Structures are given as structure tokens and as C-alpha cells.
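Below, each chain spelled out in residue letters.
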Amino acid sequence: MKRVLSIQDLSCIGKCSLTVALPIISAMGIETAIVPTAVLSTHTMFNDFTFRDLTEDMDKIKKHWVKERFDFDAIYTGYLGSKEQIEIVTDYFDTFKNKQNYIIVDPAMADNGKLYTGFTPDFALKMAKLCSKADIILPNISEACFMLGKDYIGEDATPSQIKELLTELTSLGAKIVVITGVKFGENDFGFMGYDTKTEGFFQYSTEEIPMKSHGTGDIFASAFTGALMNRYSVYNSLKIAADYTCACIKNSYNDSDAVNYAVNFEAEIPLLLKMIGK
């Protein structure tokens, strides 16, 4: 059985980060190891949440795993809470990278042209250095702009503007760069990517559902990682992830709780398994 390591925070209530990655990737038939970077009572869209930083534990976990000679078929990172955590994750990459596995970075730190609370432009540049060690990176438009030190170009960016961002992002060092949240038409929403090996652009879109919710990026990245571990190509894994995320949003469109708690990804797991032939 293949094994994925996911490094990100754990919200006890609220569907994001590890509470999304662990069930989705596990349901896809992949062992899912975790390094929780912090434990929160809820995700950050709720008020007065508790927060326990686990930075001090991260290096201890790594040292124990090295002693036990564990290895991983993929390492997938999401939200990281500090520059110190980025440094530790860099060491994880250096320690566990081999010729066969994938390193996947979702640089979760910004949306709608704004960095998340507590992050600075300097943090974004640090994240860009982490992306240099990745095989595949999955920024949205905001995160791409911040990592490049560019002004935000807006969610209605044209395909030519996205291609320019992709070309610049490849200079960070990742083999495949994918920008999510790209609009291709009035009701078309998806991703555009660039593969440095083939030197080609690619794209895919689904129906745009007029709903904003927490955690959809985590759903996309987790489903992508699970599909990739099921031996689908990068492009087909991205397509599966896009279709699944769209289905989750559709499922939650009339659910008033979904805006805060996040979309009902659990209800669509049977569809995801059908997509990968399980």
C-alpha cells in the first residue's frame, strides 16, 4: 500500500487541512501519515478558537521516523503557520525525498488578493523557497502573485496573464506548476498549468458554482494527491480533483452551514471512488 505524508494543521471542527486530507486520501486506498503543525478547536472562520502550536514536536517526529526508516510515496503540505515551520518542512523534504516519490506543495496562505491573518510578504517569499523543492505546486492566483512579489492581478485574470504567472513560477524550481481558481468564461472555473518537461501548458474547467466556502482548496489538493497515488497521470489527477471539488460544492449549495463549516465532501466520496475505479 502506498503511503502519503500530509503536513498541515488540524482543526477539531471545520472541514479543512488534515480533517479533509486524512479522510479523502485514506478513502482512496492510500495510507495517510500526518504531521499536525497545530491543533485548533475550530478553523479560523469561527471566533475565539483555541490554538496550540506544535512546531516543537515536528522535528522530534522526523527524527523518530528516520530512526524507524519510514519512507513515503508522496509528501503533501498545506497550511503552514510560520517561517520556522517552513524551515522544518524543508528539512522533511531533504530527509525523505527519493527518486520515486512526489513532493506536492499547496502554498495555502492567501485568497482574493490578501494574505491570511498573521502572514507577511516576507512569509510568501519564504514559501516560494519551499516551492523550489517541490515536484508539483498548487497556488491560487493570489498566492502565485505574492510568491513572485507581484501586484495582485485579480480573480478575472486573462489566460495570457495566467500563462505569464506560470512561466515565472517555474523559475522557482518546481517541475509542474498549477494555478487554481482560474476563470475561463462566464461559468467556467478551473485550473491552468505548465509542465517544464514537456514545455507545454494545459487547462481544465468545470461549471462555476456561485458559492464561496472554506476548505475547497484542501479538497482539491487532497483528491489530486490521492488520484496521483492511484497511478493516474498528473493531468487526469487534476481533472478528477476538479470534478470532485465541483460535485462537493454542488452538494452544499443549499446548505446554509456549508459556508462556515465547509462543503459536504463526505457525501461525495462514493463519486470520487467511482472516478478512480474503486
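Located above this text is the structure these notes cover.
Predicted model, so just to flag it, every value in this text is computed and none were measured.

This brings us to the overall build of the chain. Across its full length, the chain holds 10 helices and 11 strands. Relative to the 2.2 N^0.38 estimate, which gives 19 Å for 278 residues, the radius of gyration of the chain is 17 Å and therefore close to what a compact globule would have. Summarising its shape, the C-alpha atoms of the chain cover approximately 55 × 40 × 40 Å along the three principal directions. A buried classification covers 51% of the 278 residues belonging to the chain. Looking at charge distribution, the chain has the averaged site of its 27 positive side-chain charges lying 7 Å from that of its 36 negative ones.

On inspection of all chains with the given rule, the structure shows 15 aromatic pairs. Plain terms: the ring middles of W65 and F72 are 5.4 Å apart, the flat faces sit at 50° to each other, and that makes the pair tilted. Taking relative accessible area as the criterion, F72 reaches 4% and is therefore assigned buried. Between Y194 and F201, the ring centres sit 4.8 Å apart and the planes meet at 55°, which makes this aromatic pair tilted.

What follows is about the nonpolar core. With 47 residues, the main nonpolar core has L5, I7, V105, M109, M127, I162 and I179 as its most contacted residues. When neighbours within four sequence positions are excluded, I7 is seen to be in contact with V35, T37, M58, I75, Y76, T77, G78, L80, V89 and Y92. With 41 residues, the next largest nonpolar core counts M229, I240, V263 and I276 among its residues.

This part takes up the pairing of strand β9 (residues 176–183). Summarising burial for β9: 7 of the 8 residues are buried, a large majority. Pairing of strand β8 (residues 136–137) with β9 involves 2 bridges; the strand directions are parallel. Paired with I136 across the two strands is I176, which belongs to β9. Note: β9 against strand β10 (residues 188–195), 7 bridges, orientation antiparallel. By the bridge assignment, V177 is partnered in β10 with Y194. In textbook terms, the turn of a hairpin is the stretch between consecutive antiparallel strands, and for β9 and β10 this stretch comprises 4 residues.

All told, the structure shown has 16 salt bridges when counted by the stated rule. Here K97 and D135 are joined by a salt bridge, their closest N and O atoms 2.8 Å apart. Taken together, the residues K97 in the loop between α3 (83–96) and β5 (102–105) and D135 in the loop between α4 (121–131) and β8 connect sequence positions 38 residues apart. Where E207 meets K250, a salt bridge forms, and the shortest distance between an N and an O atom there is 3.1 Å. One end of the pair, E207, is in strand β11 (residues 200–207); the other, K250, is in helix α8 (residues 234–252), with 43 residues separating them in the sequence. Judged by relative accessible area, E207 falls into the partly exposed class, the value being 45%. Take K250: its relative accessible area is 46%, and that puts it in the partly exposed class. Shared partners join several salt bridges into a network, and the residues in it are D59, K62, K63 and D91.

Bringing helix α7 (residues 216–229) into the picture now. Residues three or four positions apart in an α-helix share a direction because the helix packs 3.6 residues into each turn. Here α7 is 14 residues long and its end C-alpha atoms lie 20 Å apart, about the 20 Å a rise of 1.5 Å per residue gives. For α7, a buried count of 12 out of 14 residues is recorded, marking the element as mostly surrounded by other parts of the structure. Count one or two residues on from α7 and you reach R231, which has phi positive near 70°.

In this section: the sheet that holds β11. Across the sheet, 9 strands lie side by side as β3-β2-β1-β4-β5-β8-β9-β10-β11; this open sheet has mixed pairing. Both outer strands of the open sheet, β3 (51–53) and β11, are each paired with one neighbouring strand and no more.

About the cut-offs
Residues numbered from 1 in each chain as written. Predicted model: local features only at pLDDT ≥ 70, side-chain atom pairs only at ≥ 80, totals over all residues. Heavy atoms only, no water. Helix = DSSP H or I, 4+ residues; strand = E, 2+ residues; numbered from the N terminus. Rg over C-alpha atoms; globule rule 2.2 N^0.38 Å. Buried < 20%, exposed > 50% of the residue type's maximum accessible area, 1.4 Å probe, protein only. Lys, Arg positive; Asp, Glu negative; His and termini not counted. Charge placed at Lys NZ, Arg CZ, Asp CG, Glu CD. Phe/Tyr/Trp six-rings, centres within 6.5 Å; stacked < 30°, edge-to-face > 60°. Core = buried A, V, L, I, M, F, W, Y, C linked by side-chain atoms within 4.5 Å. Contact = heavy atoms within 4.5 Å. Pairing = 2+ DSSP bridges. Salt bridge = Lys/Arg side-chain N within 4 Å of Asp/Glu carboxyl O. Expected span 1.5 Å × (residues − 1).

Fair warning: the whole summary comes from geometry, so function is off the table for now.
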